[in-house]
Number of protein chains: 4
Amino acid sequence: MFTYILSIEGKDAKGLIYNVTHVLYQFKCNITNQDEYVTPNGRFYMRTEFESDEVKDLLVIKNALDAQLRSTDLVIRIHERSKKNIVILVTKEHHCLSELLVRHHFDELNANIIAVFGNHEVLRSYVEKFDLPFITISHEGKSREQHESEVAEALNNYDADYIVLAKYMRILSPAFVEKFQGKLINIHHSFLPAFIGANPYKQAHERGVKIIGATAHYVNSELDQGPIICQDVIQVDHKHSAKDMARVGKDIEKMVLFKALQLVFDDKVFISENRTVIL
Amino acid sequence: MFTYILSIEGKDAKGLIYNVTHVLYQFKCNITNQDEYVTPNGRFYMRTEFESDEVKDLLVIKNALDAQLRSTDLVIRIHERSKKNIVILVTKEHHCLSELLVRHHFDELNANIIAVFGNHEVLRSYVEKFDLPFITISHEGKSREQHESEVAEALNNYDADYIVLAKYMRILSPAFVEKFQGKLINIHHSFLPAFIGANPYKQAHERGVKIIGATAHYVNSELDQGPIICQDVIQVDHKHSAKDMARVGKDIEKMVLFKALQLVFDDKVFISENRTVIL
Amino acid sequence: MFTYILSIEGKDAKGLIYNVTHVLYQFKCNITNQDEYVTPNGRFYMRTEFESDEVKDLLVIKNALDAQLRSTDLVIRIHERSKKNIVILVTKEHHCLSELLVRHHFDELNANIIAVFGNHEVLRSYVEKFDLPFITISHEGKSREQHESEVAEALNNYDADYIVLAKYMRILSPAFVEKFQGKLINIHHSFLPAFIGANPYKQAHERGVKIIGATAHYVNSELDQGPIICQDVIQVDHKHSAKDMARVGKDIEKMVLFKALQLVFDDKVFISENRTVIL
Amino acid sequence: MFTYILSIEGKDAKGLIYNVTHVLYQFKCNITNQDEYVTPNGRFYMRTEFESDEVKDLLVIKNALDAQLRSTDLVIRIHERSKKNIVILVTKEHHCLSELLVRHHFDELNANIIAVFGNHEVLRSYVEKFDLPFITISHEGKSREQHESEVAEALNNYDADYIVLAKYMRILSPAFVEKFQGKLINIHHSFLPAFIGANPYKQAHERGVKIIGATAHYVNSELDQGPIICQDVIQVDHKHSAKDMARVGKDIEKMVLFKALQLVFDDKVFISENRTVIL
């Protein structure tokens, strides 16, 4: 059995579901899962999993869909269901990285980690325990521009579907983000949009919040402003110092990042303006 | 604009979505929301909201669907989206009843409360504040059979779509349940299947659990064994006596019952063997 | 049995717990519950519930504590455990008000509602159902200053321990807040400090958050910046419009406000700079 | 600065807190954290963290407490705050083990893992990556009695404060449990007491629950009946197969086990009949 994923997004029109299912029916594909969503201002999103006993020529199906839908306002993607290739960027903290390394080691990540990049050396031996390449690209003594260009160059050696910022504590320039548009996923250690920027736990402690959180989001050119994929929170109280908040917050961070990546790797996340639609 | 809800359940077959959307497309109906689910053993569930500028003859659409689907294994229901009529059964506790009365008063319930039945008098004056009929059917000095037959008779005076057991502390006989099959919704004050039966908070306290919960479910002939619609929980600790658990548990009970009813009243809940499929 | 609550706050010193419990022991008071907390910068907070078979002269105990503690840096309060008197301020929304009215009606609020003030008339008949006075103080055609002075004057007719802003949609001036320092408790319809100010659900929707929340806090002179007492959240997704968020958010708002008030009414909340310590 | 933990449990009496704090005050110890709890039937629990500039002779303090309290009904323990030594028992699943190994590797566990025992070989190479001894004690071809006696003997080679059953899929005999009374901590993959015994996710799926959970508990002689330390839950829906529930359940299991162990390792958990008091 072969499994495929069809994603469609674009301007809504009458009969879209009918027309798509019609084509798949003609090709004797069996829909095993389908979700659609139309935004209030008329933007259509659809994700369809389908199966076939035989290998399908996806270009032929795509052409049939184009012909049936006769629309220039729709983006249609079809591909075989498969693992994504990812590069992970880290600094010194291990908790998000560990969550991904361990799951990867036991084949529970639905992705291939092809490399880990660090701007420090500290996590090298740990990553190498898991038989994965660790590439250090130090930022010391370099301009942001120079450092980013080295990172970009190194990334170009790998054909990563996604670049995961697993507590990568460097602010990325709009130029860098532009280069890897739609591929950069970050975990921010606050319940965004509360506590944007540096030291969110310190900010949270000063404000005296009773709940802290974490946010996984696509990176765009504005700091901590990209489309949110997943968020979660945990109760804290007056006994938690900023340091305690950081400690318990890590448990949320790693789980939120993992959950977000599960959704992304399974092609369930659509970027819709500055929001996500998750089907 | 007229809004309709189409529900289909039955044996899965290739092309079901295509065939259904085909018919609705022919009738110039606009699908505004659609969800499907197929169980691993091949049972198909679908809920479709559709709109039309003009009133539709639902029988005609139904016939067209029958003709297109050519299946004797599918149950198809179409009706205009509208408020359900409900009767609420209570004993002495007010919290679940209050949640429904207040929301009904402010037109936030998506249902008409047509009467409240009590086996005690205590909630009469409270219900009457909200200008609703309160009918007392005391069980005192009566056999279960006799009492239930009086309740059933009184219920027959009302054409209730659903009968909500809002902390109605009487166990219903299989015969009674049979009469109102699929219409009885109960809130049980535990996280089922933990603590079936009487005094769940006492049981929970004795077991020393750190979380308590509530469960809204359809009633079937076995005590607390019906299909679960909604559950929620709350943290407790060693400081909570059984009485404290009962107190904080009430807040979960009322919200869980309300959430379950929202789903049921909007025709989102399908009973699938002893489980629910919620679309 | 008589029950008392002792609250102490001030500069930490060695032996504080020992000295306090020593005095209560001498007075044959039985401590049934005690909690202490010392902030990292050396501020001490303590809440002690104690019982006695006979009525106690609290002034005598207070003097004994003063003598034993010999400190000018401590604020000591003792009073019999009793219900607080509250005034509720509303605008047009009922959900937070309802939660308090219903619980008050069934004696589950641990407070006496002595009046409800509205700047609109819409909730009058509803409040009067519960046999409580509703006082309308319209803001129409009045300056903020004039309106607030009328509200303040009306409040002075009641000896309220706390003034609960149950979705009171008026921004209070620093001068007004100053007058009722430490008595004003507000429910804000966001997870503060995210979405300060007007239309938080609209802001939340635009930002595309996956979780929304509510915050109960003391009011101080800066908008939505007062010490937070209680927060809670609920998951949302791309299907929630700003209006849907507002609808489901209300369920969190009413529960968060109630939980915060329970803590405040039981003298468990200490204001510590711009945070709360909850014992 | 030296930090100590004092734990007291026993029959409640007037003046206990006063007497204990009196002694610590005399010894110039500074209490940094203190919690007490008295059960409704008069059992007293107290946990006190205290500091001193100089090393304390704990036997001298213990004797002074005995003299001051003059009670034979109290169990008093004092020790320097320090890491616990643990042995972890596993079968084939890695997720709970991984959580502990990774945290141990980065010194975030507050315990020393002195060995990992497996009744299968599969996790050996993984554990050895972390430079920890893995001891295989196969149960194959052995009676339960014989296998357990081998495990007990191997455990006796290590001076473990706690034995952590991290998805150890063997039922322990009452005789074995008796030997390690109060030292065995298990993670059960359900929200106990729902779904005791084998295949809880299968049971949960069949019952159609909307929430699944995990429970960390001390092991006693009855299967899944020991005192509960920590529980947590996660929402599921009709789309989750039993296998999906097992998959998402693992994330709860590992976090619940870790949280429970944090409490235990910091001497915060008291066993009180068949419940826990956590201070």
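You'll find the structure just up there.
The structure displayed is predicted, hence computed values, not measured ones.

Conventions we followed
Residues numbered from 1 in each chain as written. Chains lettered and ligands numbered in written order. Predicted model: local features only at pLDDT ≥ 70, side-chain atom pairs only at ≥ 80, totals over all residues. Heavy atoms only, no water. Least-squares fit on C-alpha atoms with pLDDT ≥ 70 in both. Contact = heavy atoms within 4.5 Å. Buried < 20%, exposed > 50% of the residue type's maximum accessible area, 1.4 Å probe, protein only. Helix = DSSP H or I, 4+ residues; strand = E, 2+ residues; numbered from the N terminus. Pairing = 2+ DSSP bridges. Axes fitted to C-alpha atoms, helices over the stretch in contact; angles between N-to-C directions. Buried area = accessible area lost by both parts, 1.4 Å probe. Salt bridge = Lys/Arg side-chain N within 4 Å of Asp/Glu carboxyl O. Polar contact = N/O pair within 3.5 Å; in protein donor to acceptor, adjacent residues only side chain to side chain. Nonpolar A, V, L, I, M, F, W, Y, C, P; charged D, E, K, R; others polar. Phe/Tyr/Trp six-rings, centres within 6.5 Å; stacked < 30°, edge-to-face > 60°. Parallel < 35°, antiparallel > 145°, perpendicular 65-115°, else oblique. Core = buried A, V, L, I, M, F, W, Y, C linked by side-chain atoms within 4.5 Å. Disulfide = S-S within 2.5 Å. Expected span 1.5 Å × (residues − 1). Arc of directions from axis to C-beta.

Relating the two copies of this chain is a rotation about some axis coupled with a shift parallel to it. Of the two same-sequence chains, chain C is brought onto chain D (RMSD 0.0 Å, axial shift 0.0 Å) by a rotation of 180°. Both copies are brought into coincidence by an operation consistent with a two-fold rotation axis. Closest approach to the rotation axis among the C-alpha atoms of chain C is made by Y18 of chain C, whose C-alpha sits 2.6 Å away. Most of the interface of chain C is mirrored in chain D: 100% of its interface residues are interface residues there too.

It is worth spelling out helix α3 (residues 95–105) of chain B at this point. Each α-helix winds once per 3.6 residues, and so residues spaced three or four apart point in a common direction. All names here are of chain B. α3 sits mainly inside the fold: nine of its 11 residues count as buried. By the burial criterion, the buried members of α3 are H95, C96, L97, S98, E99, L100, L101, V102 and R103. D107 sits one or two residues past α3 and shows a positive phi near 60°.

Attention shifts here to the sheet that holds strand β8 (residues 162–165) of chain C. Residue and element names in this part refer to chain C. Taken in spatial order, the seven strands make up an open sheet running β7-β6-β5-β8-β9-β10-β11, and their pairing is mixed. With one partner strand each, in any of the chains shown, β7 (134–136) and β11 (228–235) form the two edges of the open sheet. Recorded for the sheet is a direction-independent mean angle of 20° between the axes of neighbouring strands. In this structure, strand β6 (residues 111–118) lies alongside β7, joined through three bridges in parallel fashion. Paired with F117 across the strands is I135, a residue of β7.

Take the relation of the copies chain C and chain A next. Mapping chain C onto chain A leaves a residual RMSD of 0.0 Å; the transformation is a rotation of 180° accompanied by 0.0 Å of translation along its axis. Of the interface residues in chain C, 100% have counterparts in chain A that sit at the interface too, so the contact is made through matching surfaces.

Each partner contributes to the interface: chain C provides 31 residues, whereas chain A provides 31 residues. Note on chain C versus chain A: buried area summed over both sides is about 2,700 Å², and carbon and sulfur give 59% of it. Considering only the side of chain C, the residues that lose the most area to chain A are R207, K210 and H238 of chain C, jointly responsible for 27% of the buried surface there. Our count for the contact surface shared by chain C and chain A stands at zero salt bridges. Inspection of the region where chain C meets chain A yields 19 residue pairs in polar contact (both at pLDDT 80 or more). For the side of chain C that touches chain A, the secondary-structure elements that each account for two or more residues are α7 (200–207), β11 and β13 (275–278) of chain C. Here the element with the most residues in the side of chain C that touches chain A is β11 of chain C; it accounts for seven residues. Broken down by class, the residue content of the side of chain C that touches chain A amounts to 15 nonpolar, nine polar and seven charged.

Moving on, we come to the packing of aromatic side chains. Counted by the stated rule, this structure contains 38 aromatic pairs over all chains. Ring plane angle 65° and centroid distance 5.9 Å describe the contact between F117 of chain B and Y158 of chain B, whose orientation is recorded as edge-to-face. Taken as a pair, F117 of chain B in strand β6 (residues 111–118) and Y158 of chain B in the loop between α5 (144–156) and β8 (162–165) lie far apart in primary sequence, 41 residues in all. A relative accessible area of 26% places Y158 of chain B in the partly exposed class. Centroid distance Y126 of chain B to F130 of chain B: 5.5 Å. Interplanar angle 80°. Geometry classified as edge-to-face. For the pair Y126 of chain B and F130 of chain B, one class covers both residues: buried. Taken together, the ring pairs connect F106, Y126 and F130 of chain A together with F106, Y126 and F130 of chain D into an aromatic cluster.

Further remarks concern the sheet that holds strand β1 (residues 2–11) of chain D. All names here are of chain D. If you walk across this open sheet you meet the four strands as β2-β3-β1-β4, and the pairing is antiparallel. Each edge of the sheet is formed by a strand with only one pairing partner; in this case those strands are β2 (30–38) and β4 (74–80). Neighbour to neighbour, the strand axes of the sheet diverge by 10° on average, direction disregarded. As judged from the 10 bridges shared by β1 and strand β3 (residues 43–52), these two strands associate in the antiparallel manner. Bridge assignment links F2 to a residue of β3, and that residue is S52.

What follows covers the packing of helix α8 (residues 242–265) of chain B against helix α8 (residues 242–265) of chain C. Axis angle and axis distance: for two packed helices, these are the angle between their axes and the distance between the axes, and together they describe the pair. At a minimum axis distance of 13 Å, the contact between α8 of chain B and α8 of chain C shows a crossing angle of 170°. Between α8 of chain B and α8 of chain C, the crossing angle belongs to the class labelled roughly antiparallel. Contacts from R247, D251, K254, M255, F258 and Q262 of chain B of α8 of chain B reach α8 of chain C at R247, D251, K254, M255, F258 and Q262 of chain C.

Let us now look at the interface of chain C and chain D. At the junction of the two partners, chain C supplies 12 residues and chain D supplies 13 residues. Across the interface of chain C and chain D, roughly 1,300 Å² is buried in total on both sides, 60% from carbon and sulfur atoms. In terms of surface lost to chain D, no three residues of chain C exceed K14, Y18 and Y25 of chain C, which account for 46% of the buried area on that side. On the surface where chain C and chain D come into contact, there are zero salt bridges. Linking chain C with chain D are two residue pairs in polar contact (both at pLDDT 80 or more). Of all the secondary-structure elements, those providing two or more residues to the side of chain C that touches chain D are α1 (16–26) and β2 (30–38) of chain C.

The next subject is the nonpolar core. Core analysis: the largest hydrophobic core is formed by 194 residues, its most contacted members being I88 of chain A, I88 of chain B, I88 of chain C together with I88 of chain D. Sequence-distant contacts of I88 of chain A, defined by excluding residues within four places in its chain, comprise L97, L100, I113, A115, V116, F117, V164 and A166 of chain A. Listed in part, the 39 residues of the second largest apolar core include V23 of chain C together with L16, L24 and L58 of chain D.

Turning our eyes to something else, we now look at the pattern of salt bridges. All names here are of chain D. One pass over the full model with this rule turns up 92 salt bridges over all chains. K202 is the salt-bridge partner of E206, the closest N and O atoms lying 3.4 Å from each other. Of this pair, E206 and K202 both sit in helix α7 (residues 200–207), four residues apart, which is roughly one turn of the helix. The exposure class of E206 is partly exposed, given its relative accessible area of 47%. What makes K202 partly exposed here is its relative accessible area of 45%.

Further remarks concern unusual backbone geometry. Omega for the bond connecting L192 of chain A with P193 of chain A falls within 30 degrees of zero, at 10°, which places this linkage in the cis form. Within the secondary structure, P193 of chain A sits in the loop between β9 (184–188) and α7 (200–207). Phi at D224 of chain A is positive, roughly 60°, even though this residue is not glycine. Secondary-structure assignment places D224 of chain A in the loop between β10 (211–218) and β11 (228–235). Overall, D224 of chain A belongs to the buried group, its relative accessible area being 7%. You will see that D131 of chain B, though not glycine, has its phi angle at about 60°, which is positive. Inspection of the secondary structure assignment puts D131 of chain B in the loop between α4 (124–129) and β7 (134–136).

The next point concerns the state of the cysteines. All names here are of chain B. One pass over the structure, following the stated rule, counts zero disulfides over all chains. The structure places no disulfide on C96, whose sulfur is separated from the nearest cysteine sulfur, that of C230, by 12 Å. Residue class for C96 comes out buried when judged on its relative accessible area of 1%.

All names here are of chain A. For H217, the position within the fold is in strand β10. Classification of H217 as buried rests on a relative accessible area of 2%. In this view, H217 contacts L184, I185, N186, H188, L192, D224, G226, P227, I228 and I229; residues no more than four positions away in its chain are not counted.

Here we take up the pairing of strand β2 (residues 30–38) of chain B. Residue and element names in this part refer to chain B. As paired elements, β2 and strand β3 (residues 43–52) share eight bridges and run antiparallel to each other. Pairing of V38 across the sheet is with F44, part of β3. Linking β2 back to β3 in an antiparallel pair, the connection comprises four residues, with G42 at a positive phi of about 80°.

As a further point, take helix α5 (residues 144–156) of chain D. Residues and elements named next belong to chain D. For α5, spanning 13 residues, the distance from its first C-alpha to its last is 18 Å, which sits close to the expected 18 Å at 1.5 Å a residue. Within α5, burial applies to H147, E148, V151, A152, A154 and L155. Seen from one end, α5 has its buried residues packed into an arc of 165°, which puts them on one side. Opposite the buried face of α5, at more than 90 degrees from it, the exposed residues are E145, E153 and N156. Looking at the buried side of α5, the elements it contacts are β5 (84–90), β6 (111–118), β8 (162–165) and α6 (174–179).

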